[in-house]
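# Working through the structure, step by step
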Amino acid sequence: GGYGHLLDEFKHFLQDNIGNLDKETTYQLIMNHGRMDVMLYYAELNSDYDRLISHHVQRREWTKALDVLAKTSDAELFYRHSPIMMQHTPLGTTNAWIKTSKTNPTLLDPRKLIPALVRYDSANNPPGHQANQAVRYLQHCIKNLGCSDPVIMKYLASLYAKQSDERL
């Protein structure tokens with residue numbers, strides 16, 4: 001187990017010296033050696049959620065990306081990563097937004113999530129989940145968060161109209 005021991009030592013080194021290491025240089029060194037596992041570990045140590053989410057999204061690891069997103073209280077990360085997440089994992093993304101709004105009601109501005117809502121495709125709902133996730137989130141904003149933004153109201157009305165057209 002020589003290699004495993006070295007890896008553990010390196011991880012301890014990163015942990016112990018996190019404040020003394022230049023982030024970008026350290027990432028570069030780790031990536032030059034193709035050590036994705038160490039890069040993820042180092043990103044986790046740094047709470048570098050943007051890098052972690054981007055990594056998982058590139059690999060289409062939607063659940064892992066959502067797990068990282070759930071740890072952050074950085075609204076910009078939600079706005080940046082939600083469009084692709086909403087496209088590929090709408091139920092999980094909507095659940096993450098709703099869960100976040102329950103712990104921090106003012107963190108997310110529903111208006112800034114419209115670019116993600118526009119990317120929603122009900123074909124990507126998991127089996128057995130018929131509900132329109134965009135409608136579900138906007139209803140949550142209005143009923144539970146007291147949102148009265150006219151832009152949100154109009155958008156929800158347009159989704160209702162579109163739904164009734166599709167059912168005819």
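Everything in this summary refers to the structure shown in the same document. (Residues numbered from 1 in each chain as written. Predicted model: local features only at pLDDT ≥ 70, side-chain atom pairs only at ≥ 80, totals over all residues. Heavy atoms only, no water.)

Attention now goes to the overall build of the chain. For the chain, the count of helices and strands is 10 helices and 0 strands. In the chain, the order of α-helices and β-strands from amino to carboxyl end is α-α-α-α-α-α-α-α-α-α. Seen through its principal axes, the chain has C-alpha atoms that stretch 65 × 30 × 20 Å. Excluding contacts between residues fewer than 6 apart, the proportion of contacts in the chain whose partners are at least 24 apart in sequence is 54%. Surface accessibility of the chain: about 9,700 Å² in total, with carbon and sulfur atoms responsible for 52%. (Helix = DSSP H or I, 4+ residues; strand = E, 2+ residues; numbered from the N terminus. Contact = heavy atoms within 4.5 Å. Areas by Shrake-Rupley, 256 points an atom, 1.4 Å probe, with all protein chains shown as cover.)

Moving on to the packing of aromatic side chains. Overall, the coordinates contain 3 aromatic pairs when judged by the stated rule. Consider the rings of Phe10 and Phe13, whose centres lie 6.4 Å apart with planes at 15°: the pair is stacked. With Phe10 and Phe13 both in helix H1 (residues 2-16), this residue pair falls 3 residues apart, about one helical turn. Under the relative-accessibility criterion, Phe13 is labelled partly exposed at 40%. Aromatic pair Trp97 and Tyr137: ring centres 4.8 Å apart, planes at 65°, arrangement edge-to-face. Placement of Trp97 in helix H7 (residues 90-103) and of Tyr137 in helix H9 (residues 133-145) is noted, with a sequence separation of 40 residues between them. Note on accessibility: Trp97 and Tyr137 belong to one class, buried. When the ring centre of Tyr41 is taken as reference, the NZ or CZ atom of Lys11 above it lies at 5.0 Å. Sitting over the ring of Tyr27, Arg51 keeps its end group 3.4 Å from the ring centre. (Phe/Tyr/Trp six-rings, centres within 6.5 Å; stacked < 30°, edge-to-face > 60°. Buried < 20%, exposed > 50% of the residue type's maximum accessible area, 1.4 Å probe, protein only. Lys NZ or Arg CZ within 6 Å of the ring centre and 35° of its normal.)

The next thing to look at is the pattern of salt bridges. The final tally for this structure, using the stated rule, is 6 salt bridges. A salt bridge links Asp37 to Arg35, with the nearest nitrogen and oxygen atoms 2.5 Å apart. Since its relative accessible area comes to 35%, Asp37 is described here as partly exposed. Taken together, the salt bridges that share partners define one network made up of Glu24, Asp48 and Arg51. (Salt bridge = Lys/Arg side-chain N within 4 Å of Asp/Glu carboxyl O.)

This is a description of form; function is not addressed.
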